[in-house]
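# Overview (structure and organization)
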Amino acid sequence: ISGRKYLPTFKTQPRLVSDFTVDSEVHTMLGENKVVFVNSTEPADATNNLVTASVADESIATISGGGNAFNIKPLKAGKTTITYKTQDGSNIVKEQTLIVEEAPKLPNDPLEVHVDAGTNSIKVSAM
């Protein structure tokens, strides 16, 4: 016998996320991608603080990215829900309302556009 003592091995339990925050609503316009961040997770030293995201109606917008930053690509005007879920097994789910608006229309008639040339700037406005 060598005199060595064998100690049992222990596995520590992962530190699960108990909460995270995102904005309550996101507004964007057609043609304007939007980045959404998961602002913070609790506890800060969670073993895995990453979340996944999905859009309820993918005809209105798609979402890509991962971890804690997501890119929203609007496809048509409307309102849908984004669902965020923790990846660590704590199964915390948050929902966020996404509102996609039509982009403002520019006038088709050149007589409806006014250009004011200043010394160091140009101001263009629709009548």
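For the structure, see preceding data.
So, here's what we can say about the structure. Computed from a predicted model, the values in this text were never measured in an experiment.

Right, let's get into unusual backbone geometry. Note the cis peptide between Glu42 and Pro43, where omega equals -10 degrees. Considering the arrangement of structural elements, one finds Pro43 in the loop between β4 (40-42) and β5 (51-55). Positive phi, close to 55 degrees, is recorded for Asn91, a residue that is not glycine. Mapped onto the elements of the fold, Asn91 is located in the loop between β8 (78-86) and β9 (93-101).

All right, on to the sheet that holds strand β3 (residues 34-37) then. If you trace the three strands from one edge of the open sheet to the other, you get β3-β7-β6, paired in antiparallel fashion. Looking at strand neighbours, the two that pair on one side only are β3 and β6 (61-66), the edges of this open sheet. The sheet shows a mean angle of 25 degrees between the axes of neighbouring strands, taken without regard to direction. Pairing of β3 with strand β7 (residues 69-74), which is carried by four bridges, proceeds in the antiparallel orientation. Each bridged residue has a counterpart across the sheet, and for Val36 the counterpart in β7 is Phe70.

This brings us to the environment of Phe37. Structurally, Phe37 is set in strand β3. A sequence separation of 32 residues divides Phe37 from Ala69, and the C-alpha atoms of the two residues are 4.5 Å apart. In contact with Phe37, other than residues within four places in its own chain, are Thr21, Val22, Asn68 and Ala69.

Let's shift gears to the pairing of β9. Examined bridge by bridge, strand β2 (residues 25-29) and β9 share five bridges and lie parallel to one another. Following the sheet pairing, His27 is matched in β9 by Ile99. Of the strand pairs in this sheet, β8 and β9 are connected by eight bridges, and their pairing is antiparallel. Paired with Thr80 across the two strands is Leu98, which belongs to β9. What sits between β8 and β9 in their antiparallel hairpin is a turn of six residues, with Gly89 showing a positive phi close to 100 degrees.

This part covers the sheet that holds β9. Here we have four strands laid out as an open sheet, ordered β2-β9-β8-β5, and mixed in their pairing. If you trace the sheet from one side to the other, it starts and ends with β2 and β5, each paired once. The mean angle between the axes of side-by-side strands here comes to 25 degrees, regardless of whether they run parallel or antiparallel. Pairing of β5 with β8 involves five bridges; the strand directions are antiparallel. Across the sheet, residue Val51 finds its bridge partner in β8, namely Thr86.

Calculation rules
- Residues numbered from 1 in each chain as written.
- Predicted model: local features only at pLDDT ≥ 70, side-chain atom pairs only at ≥ 80, totals over all residues.
- Heavy atoms only, no water.
- Helix = DSSP H or I, 4+ residues; strand = E, 2+ residues; numbered from the N terminus.
- Pairing = 2+ DSSP bridges.
- Axes fitted to C-alpha atoms, helices over the stretch in contact; angles between N-to-C directions.
- Contact = heavy atoms within 4.5 Å.

Keep in mind these values describe shape, not function.
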